[in-house]
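Each chain is listed here by its residues.
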Amino acid sequence: MRILLVLVTLAAGCVLSWGADWLTDGGNVQRTAWQEDEKILGTDTVKGMKLLWKLKLDNEVRQMHSLFPPLIVGSVNTAAGPKQMAIETGVSDNLYGIDVETGQLIWKKHFVSTWTPPANGGRGGGILCPGGMTATPVIGPADTPGKYTIYAASWDGMLHQVNVADGEEIAQPSKFMPPNGKPYALNLFHNMIYTHTAQGCGGNPNVAYVYDLASKKVGTWGPAGGGMWGRTGPAIGADGTMYTGTGDGRWDPENGIYGNGIVGLKPDPKTKMLLLEDYYGPSNAEWLVKRDLDMQVTPAIFHYKGKELMVDAGKECRVYLMDTASLGGDDHRTPLYRSPLLCNEEVNYSSAGIWGSMASWEDSKGTRWVLTPIWGPKHSAFKAPIEYGKVTYGAIVAFKVEEKNGKMQLTPAWISRDMNHAEPPVIANGVIYAYGNGEDTDQSVPDVGLENTAERRIPGSTHAVLYALDAQTGKELWSSGDEIKSWNHWSGLSLANGRVYIATFDGNLYCYGIKK
């Protein structure tokens, strides 16, 4: 995250203030979800957080998808002067530019598709393949200070470049990937856009993509097995390697099949094709695929004692700590640390386990923390020094990264209060922000069997609740209670400059913060 110096004019005179950005899903290319530049919200002030505004947007829902996490630019040069703006994405190929000071819409951009969906053919429809724009865009600074460009992948597979200030396209759209392939959140690193796809939507293979903005070349790589559906897209290491978990599919690297594992891919400097750099397969990969326990979580990458480390997880409900220099050791099956089961004692493939993405931060004492959401009851054998009662529907679990007897480990620190399907948290200034999504996640019912339909699940969904927790102890400091009236699916949180944002299925974007 880039710090931007913003000139703020006050009645008492002119003073300098610091502004923070949230330009990509997960906050940074490493996907740690740590807002390092927050100066307003903290453990002493968060108790006074209130709803600042709520904005209803006209995006049309598709299945259970609606709005994605907004991206925040601290200061944009607009025709009306510098503004702090939120860029909200709607699944029906919509972008919205919002003035975060007033909560008012500045502009709307709708992408007109160059592709017409066929009446039949390919895997289409349903919750897994809703169609539309499924990847949170990414924002990059332009050559001129105060100007920013949105990079967005529309339903037809085109890459768009849009001016943050006014919503106008600044370049002709370019072909990025096949239409209806369900990409996940875009990442931007060294002038290249990264993403991956899953679920075989539209009959397309599950593939990782990279788009070089300079040459307009596209590089690809496929696991020949499961899709790659980490919520916040790929995480990227210091050398430009993208990392992602893979979903359903056999683990058979000798035959080029990399389902239910973790892969590292790097663009060739000349051709831009993605090349397999490294890979890790859990020792029980065959059992995982038989139980539909995908390794489908976006990892988080961080530095610790001179090493670049990474944490990832899956629906089995274990956390893996790896060194990016060698993900699984010589045999590609041995991580630095493999946690015990945190949850999913019942081996539930749809409503338990770890979903979404990981998170990590470092406190003022130099302690490195790792956070994960869990769905479903806590495993009966898993304990933490600090707990807040029975976990039935989900929680946030915090670990400390430690080295003992020459070996790395994740030491449990606390387990939060119960949350209705806890979603990936964000961290800022000693406070963890997390929420229960309120979604009905059951994909099958006892008297019917598999019935993963929006028509059944939407009526069973309730409402989201946003929480603020003490990052050291997990203690609840604040919650939104019943104020948020709807739930969300496959969305998330954003945070910058004293404001926390959450969007819901009914098309509302909520902004919480400290009232002036």
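Note that this is a predicted model, so its numbers are computed, not measured.

Novice: Give me the lowdown on the overall build of the protein, citing residues and values where you can.
Specialist: The number of helices and strands found in the protein is two helices and 39 strands. Against the compact-globule benchmark of 24 Å for 516 residues, the protein has a radius of gyration of 21 Å, which places it among compact chains. By its C-alpha atoms, the protein is 65 × 50 × 50 Å across when sized along the principal axes. For the protein, the residues scored as buried account for 62% of the 516 residues in total. For the protein, long-range pairs separated by at least 24 residues make up 58% of all intrachain contacts whose partners lie at least 6 apart in sequence. For the protein, the accessible area works out to roughly 19,400 Å², and carbon and sulfur atoms hold 51% of it. In the protein, 46 side chains carry a positive charge and 54 a negative one; their mean positions are 2 Å apart.

Novice: How would you explain the environment of Val-73 if you had to name every residue and give the values?
Specialist: Position of Val-73 among the secondary structure elements: in strand E4 (residues 71–78). A sequence separation of 13 residues divides Val-73 from Ala-86, and the C-alpha atoms of the two residues are 6.5 Å apart. Setting aside residues up to four positions removed in sequence, Val-73 forms contacts with Asp-21, Leu-23, Lys-83, Gln-84, Met-85, Ile-139, Tyr-148 and Val-164.

Novice: Requested: an account of the sheet that holds strand E6 (residues 94–99), with residues and values cited.
Specialist: Strand order across the open sheet formed by four strands is E4-E5-E6-E7, with antiparallel pairing between neighbours. Unpaired on one side and paired on the other, E4 and strand E7 (104–110) mark the two borders of the sheet. Along the sheet, successive strands turn relative to each other by an average axial angle of 30°, direction set aside. Bridging between strand E5 (residues 81–90) and E6 involves six bridges; their strand directions are antiparallel. In the sheet register, Glu-88 faces E6, and the bridge partner there is Tyr-96.

Novice: Requested: an account of the pattern of salt bridges, with residues and values cited.
Specialist: If you walk through the whole model with that rule in mind, you get 18 salt bridges. In this structure, Arg-499 and Glu-101 form a salt bridge, with 3.0 Å as the shortest nitrogen-oxygen distance. Here Glu-101 lies in the loop between E6 and E7 and Arg-499 lies in strand E38 (residues 499–503), a separation of 398 residues in the sequence. Using a relative accessible area of 42% as the deciding quantity, one classes Glu-101 as partly exposed. A salt bridge links Glu-451 to Arg-456, with the nearest nitrogen and oxygen atoms 3.9 Å apart. Given the relative accessible area of 28%, Glu-451 is considered partly exposed.

Novice: Tell me about the sheet that holds strand E36 (residues 476–479), and please be specific about residues and values.
Specialist: Reading across from one edge, E31-E32-E35-E36 is the order of the four strands in this open sheet, with antiparallel pairing throughout. Each edge of the sheet is formed by a strand with only one pairing partner; in this case those strands are strand E31 (426–428) and E36. Strand after strand, the sheet turns through a mean of 25° between neighbouring axes, direction not considered. Across six bridges, the pairing between strand E32 (residues 431–436) and strand E35 (residues 465–470) is antiparallel. Within E35, the residue paired with Gly-436 across the bridge is Val-465.

Novice: Can you tell me about the environment of Gly-225, naming the residues and giving the values?
Specialist: Relative to the helices and strands, Gly-225 is located in the loop between strand E15 (218–221) and strand E16 (235–236). Among the residues examined, Gly-225 registers a relative accessible area of 31% and is labelled partly exposed. Apart from residues lying up to four places away in sequence, Gly-225 is in contact with Asn-206, Asp-248 and Gly-249.

Novice: Give a description of the nonpolar core that names residues and reports values.
Specialist: Formed by 55 residues in total, the largest nonpolar core has its most connected members in Leu-371, Trp-414 and Tyr-433. The next biggest cluster of nonpolar side chains, apart from the first, holds 26 residues, and it includes Phe-302, Cys-317, Phe-382 and Ala-384.

Novice: Can you tell me about the pairing of strand E22 (residues 300–304), naming the residues and giving the values?
Specialist: Successive residues of a regular strand alternate their side chains across the two faces of the sheet. Counting buried positions over the five residues of E22 gives four, a clear majority of the element. Here E22 pairs with strand E23 (residues 307–313) via five bridges, running antiparallel. Directly across from His-303, in E23, lies its bridge partner Glu-308. Linking two consecutive strands that pair antiparallel, namely E22 and E23, is a turn of two residues; a positive phi of about 50° is found at Lys-305 within it.

Novice: Just give me the short version of the confidence of the model for the protein, but keep the residues and values in it.
Specialist: Per-residue confidence for the protein gives a mean pLDDT of 94, with 95% of residues at or over 70. For the stretch residues 1–18, pLDDT sits under 50, and the model shows 34 contacts to residues farther than four places along the chain or on other chains.

Novice: How would you sum up unusual backbone geometry? Please name residues and give values.
Specialist: Glycine aside, the phi torsion of most residues is negative, and most peptide linkages are trans. Of note in the backbone geometry, Lys-305 takes a positive phi value of approximately 50° without being a glycine. Among the secondary structure elements, Lys-305 is positioned in the loop between E22 and E23. Owing to a relative accessible area of 60%, Lys-305 belongs among the exposed residues under this scheme. One non-glycine residue, Val-347, lies in positive phi territory at about 55°. Looking at where Val-347 falls in the secondary structure, it is placed in the loop between strand E25 (337–338) and strand E26 (359–362).

Novice: Can you break down the environment of Asp-25 residue by residue, with the values?
Specialist: Looking at where Asp-25 falls in the secondary structure, it is placed in the loop between strand E2 (13–19) and strand E3 (50–56). Once the C-alpha coordinates of Asp-25 and Thr-136 are considered, the two residues, 111 residues apart in sequence, prove to be 6.6 Å apart. Ignoring sequence-local partners within four residues, the contact set of Asp-25 consists of Arg-31, Pro-69, Leu-71, Thr-136, Ala-185, Arg-231 and Thr-232.

Analysis parameters
- Residues numbered from 1 in each chain as written.
- Predicted model: local features only at pLDDT ≥ 70, side-chain atom pairs only at ≥ 80, totals over all residues.
- Heavy atoms only, no water.
- Helix = DSSP H or I, 4+ residues; strand = E, 2+ residues; numbered from the N terminus.
- Rg over C-alpha atoms; globule rule 2.2 N^0.38 Å.
- Buried < 20%, exposed > 50% of the residue type's maximum accessible area, 1.4 Å probe, protein only.
- Contact = heavy atoms within 4.5 Å.
- Areas by Shrake-Rupley, 256 points an atom, 1.4 Å probe, with all protein chains shown as cover.
- Lys, Arg positive; Asp, Glu negative; His and termini not counted.
- Charge placed at Lys NZ, Arg CZ, Asp CG, Glu CD.
- Pairing = 2+ DSSP bridges.
- Axes fitted to C-alpha atoms, helices over the stretch in contact; angles between N-to-C directions.
- Salt bridge = Lys/Arg side-chain N within 4 Å of Asp/Glu carboxyl O.
- Core = buried A, V, L, I, M, F, W, Y, C linked by side-chain atoms within 4.5 Å.
- pLDDT = per-residue confidence, 0-100.

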